[in-house]
Amino acid sequence: MPRTLYRKLVDAHTVRRLDGGEVLLGVDLHIMNEYTSPQAFAGLAEAGRSVFRPGAHLAVVDHVNATRRNAAGDDDGRLLIETLEANCRAHGIAFYGLGDPRQGIEHVVVPEQGLARPGMVIACGDSHTTTYGAFGALGFGIGTSEVAHVLATQTLVYAPLKDFRIVVEGALPLGVAAKDVAIAAVAAVGAGGANGYAVEFAGSAVASLDLAGRMTLCNMAVELGARAALIAPDEAVFSWLRGRPQAPADLDAAIAAWRGLASDADAAFDRELALDAAAIAPLVTWGTSPDQAAAVTARVPDPAAEFDPARRAAAERALAYMGLAPGQALAEIAIDRAFIGSCTNSRIEDLRAAAKVLRGRRVAPGVTAVVVPGSNRVRAEAEAEGLDAVFRAAGFEWRPASGCSMCLAMNDDVARPDERLASSTNRNFEGRQGRGARTHLMSPAMVAAAAVAGHLADVRAFSGEV
Amino acid sequence: MDAVSIVAGIAAPLPQPNVDTDVIMPKRFLKTVTRAGLAQGVFADLRFDAAGAERPEFVLNRAPWRGAPILVVGDNFGCGSSREHAVWGLAQLGVKVLLGTTFAGIFFDNCRRNGLLAVCLPPEARDALLVRVADPARADLAVDLPAQEIRADGVAVGFEIEPARKRDLLTGADPIAATLAHAEAIRAFEAAADAAEPWRTPTVR
């Protein structure tokens, strides 16, 4: 029977079939951070359990550490970091802590090490683990109870998902980035519209994305509710893996095996959606859910036009929180802060795209602009290219340490109430970047354009970019 | 994990769609190495103002819904971050049942692992419950997991639940213990995969 790529990966990792259609799913790689793992290790200790396969785990410090300097930030953060290090030491698990040249945001670090490969199952106590779909790996987020389950058994009790294919055909217009494709997909499907599904992204526009772009797209699949995202691996993935520090020793044999890894031509999907790449414009969010988005050239929508009462109420509430009025031109909304960072958009390609806009330009007066490179390796590469000088000359603060930082504001990077941000991150939730802070999501180049303009701005108006 | 069977009590309406786990458990409560003390964090920015005073308009601060063990919630409840702290906090606040339509996947699994019954209803059934429990005189419900039924005076609505999840909730099972009974099968599976595809499961350095 023809199978989807998702189904093939599930089948290849099924250790046992369990009651009720669930399976015991083998996990190839498990990644941990400092804030969703301590209670899992404590649970193991209480039950007297050991780690089943210590070599198949990696712990990275990223969520709570400061990025203004290479430090824990505060005592609570320090305790989380020290607890993770002690747990890893006790169980023989690889740990990339502060000061380690390999440290950074987990979903940036794992691919750059060559640890995300086609055909794998990768689990992590972080919702954005869908990122690994860019490599044809089944990545998904889990809670802390499941972190304990993977530590103790190297498996998960897993209910297979339904299959949803999103096909994006055509050429992306100039100025339109992978982030825009991701936001367009979230807006089309709705936040939660893909709950219960694994999404496979396909089509010529997806195939044309580089690995950084594919990671951005798969990363944000969780914002439409998809528990997993996949893109069939191709030559771009294989060549990306070459020379990575921890790429498999027998890479050629691996590539030969990976070549057939795709959905069968006649595989059935439970749901399909087609998006026209040529119709996607640079997008910004206007509300407090990632599906509340529109072209930067558009106006703030009127909630009264929303037929569904719950959605209308949500839109009204969002506009009140965001301090916006229906009919306001999005490109006239003034910002206080610009933030480039996060597991969605902090890779070298993202920094290059933003730097292109910033070269020879200055951040508008009154705007605080910050860039946090996704990992220590990304920062080193960017500095070798001189990108740090471009950001600094433009008036951006170039952070000396890496982490999630103001994406979720668990460290000291917290926006103040009513401050408005142009942000390359993934969530515009109420309070996400600080209590009362107002987030507009967009691509890194669009953040750079907004920083220069002092308000949300169309990157296509900046000559010399893209 | 505590087993769930029949939960009877006040149900509170929270109709907003896409209530995310940042809203359920704001980040300032996450810097902890234990599961304890999270009740105060639940919906903290909705329950309390910046000075820490209760917001009188929030449903869980009003009679009869304060302390409700049942929440009737909007679509896609629990979206966003994987933080299980959201579910730990809800359970510590005394919430035992969530009646909604769809739940975000990670949150849904976290509920199962912590004895919180999340029920997926058709939108019309959920909407009818939202209207009903918004009336203080009609906010009392009983949610019967064994019978898969929600009861209010004179009304009974059935619900579907996956058999494996129902079993776990009814028994309060320890899934790790159950999985470790398959330890030999897991070892054999790993050995076969390592031999056939040595590039698949890394040994991280």
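Each chain has its residues counted from 1, running along the sequence as written. All chains are assigned letters beginning with A, and all ligands numbers beginning with 1, in the order in which they are written. With the structure being a predicted model, the display of local features is reserved for residues of pLDDT at least 70 and the display and counting of side-chain atom pairs for 80 or more, all residues being used for whole-chain, interface and lining totals.

As a further point, take the overall build of chain B. Helix and strand assignments follow DSSP, with helices taken as H or I runs no shorter than four residues and strands as E runs no shorter than two, numbered in order from the N terminus. A count of helices and strands for chain B gives eight helices and seven strands. Partly exposed residues are those falling between the two cut-offs: more than 12 but fewer than 20 other C-beta atoms within 10 Å of their own, whereas 20 or more means buried and 12 or fewer means exposed, with C-beta atoms placed from the backbone. The proportion of buried residues among the 205 residues of chain B is 44%. C-beta atoms are first placed from the backbone for all residues, and any pair lying within 7 Å is then listed as a contact. Contacts spanning at least 24 positions in sequence make up 66% of the contacts within chain B whose residues lie at least 6 apart.

A few words on the sheet that holds strand β18 (residues 420-423) of chain A. Residue and element names in this part refer to chain A. Reading across the sheet, the five strands line up as β17-β16-β15-β18-β19 and stay open at both edges, with parallel pairing between neighbours. Of all strands in the sheet, those with a lone pairing partner are β17 (396-398) and β19 (438-441), marking the two edges. Recorded for the sheet is a direction-independent mean angle of 20 degrees between the axes of neighbouring strands. Here the rule is simple: two strands pair whenever DSSP picks up at least two bridges between them. Pairing of β18 with β19 involves four bridges; the strand directions are parallel. Bridge pairing links Ser 423 to Leu 441 in β19. The convention used is that axes are lines fitted to C-alpha atoms, helices contributing only their stretch in contact, and that angles between N-to-C directions extend from 0 to 180 degrees.

Residue and element names in this part refer to chain A. Along helix α2 (residues 38-47), the residues classified as buried are Pro 38, Gln 39, Ala 40, Phe 41 and Leu 44. Those residues of α2 that are buried are in contact with α3 (75-91) and α5 (144-153). Positive backbone phi, approximately 70 degrees, marks Gly 48, located one or two places after α2.

Counting residues in each nonpolar core, the largest one holds 224 residues, and the members touching the most others are Ala 226, Val 447, Ala 449 and Ala 450 of chain A. Setting aside anything within four residues of it in sequence, one finds Ala 449 of chain A in contact with Val 357, Ala 457, Val 459 and Phe 462 of chain A. A set of buried residues qualifies as a nonpolar core if it consists of Ala, Val, Leu, Ile, Met, Phe, Trp, Tyr and Cys joined through C-beta atoms within 7 Å.

Reports of interface size often rely on the accessible area that becomes lost once the parts have come together. Contacts between chain A and chain B engage 72 residues on the former and 54 residues on the latter. By residue number, the principal contributor to the side of chain A that touches chain B is α5 of chain A, which donates seven residues. Throughout this entry, Asp, Glu, Lys and Arg are counted as charged residues, while Ala, Val, Leu, Ile, Met, Phe, Trp, Tyr, Cys and Pro are counted as nonpolar. The remaining residues, Gly among them, count as polar. The class makeup of the residues in the side of chain A that touches chain B is 29 nonpolar, 25 polar and 18 charged.

Before going further, it helps to spend a moment on the sheet that holds strand β7 (residues 155-158) of chain B. Each strand in a sheet pairs with its neighbour through backbone hydrogen bonds, running either in the same direction (parallel) or in the opposite one (antiparallel). All names here are of chain B. Spatially, the seven strands line up as an open sheet ordered β4-β3-β2-β1-β5-β6-β7, and their pairing is mixed. Either end of the sheet is taken by a strand with one partner, and the two such strands are β4 (117-120) and β7. Each strand axis lies, on average, 30 degrees off the axis of its neighbour in the sheet, ignoring direction. The pairing of strand β2 (residues 70-73) with strand β3 (residues 97-100) spans three bridges and is parallel. Bridging from a neighbouring strand, Ile 70 pairs with Val 97 of β3.

Let us look at the packing of helix α12 (residues 348-358) of chain A against helix α15 (residues 444-453) of chain A. All names here are of chain A. It is at 8 Å that the axes of α12 and α15 come closest, and there the two elements cross at 30 degrees. As far as their axial angle goes, α15 and α12 are roughly parallel. Crossing angle aside, the handedness with which α12 passes α15 is right-handed. Residues Asp 350, Ala 353, Ala 354, Lys 356, Val 357 and Leu 358 of α12 form the contact with α15, whose participating residues are Pro 444, Ala 445, Val 447, Ala 448, Ala 449 and Val 452. Among the residues forming the contact of α12 with α15, the class breakdown is ten nonpolar, no polar and two charged. Each angle receives one of four descriptions, namely roughly parallel if under 35 degrees, roughly antiparallel if over 145, roughly perpendicular if within 65 to 115, and oblique otherwise. Rotating anticlockwise by less than a right angle from the far helix to the near helix defines a left-handed crossing, while the corresponding clockwise rotation defines a right-handed one.

Below, the discussion takes up the domain arrangement of chain A. All names here are of chain A. For chain A, the domain assignment lists domain 1 (11-159), domain 2 (161-236 + 254-281) and domain 3 (283-461). Domain start and stop positions are those given by an automatic or database domain assignment. Of note, the centres of domain 1 and domain 3, computed from C-alpha atoms alone, are 28 Å apart. Top element by residues in the side of domain 1 that touches domain 3 is helix α4 (residues 106-112). It accounts for four residues. Looking at the side of domain 1 that touches domain 3 residue by residue, the class counts come to seven nonpolar, eleven polar and five charged.

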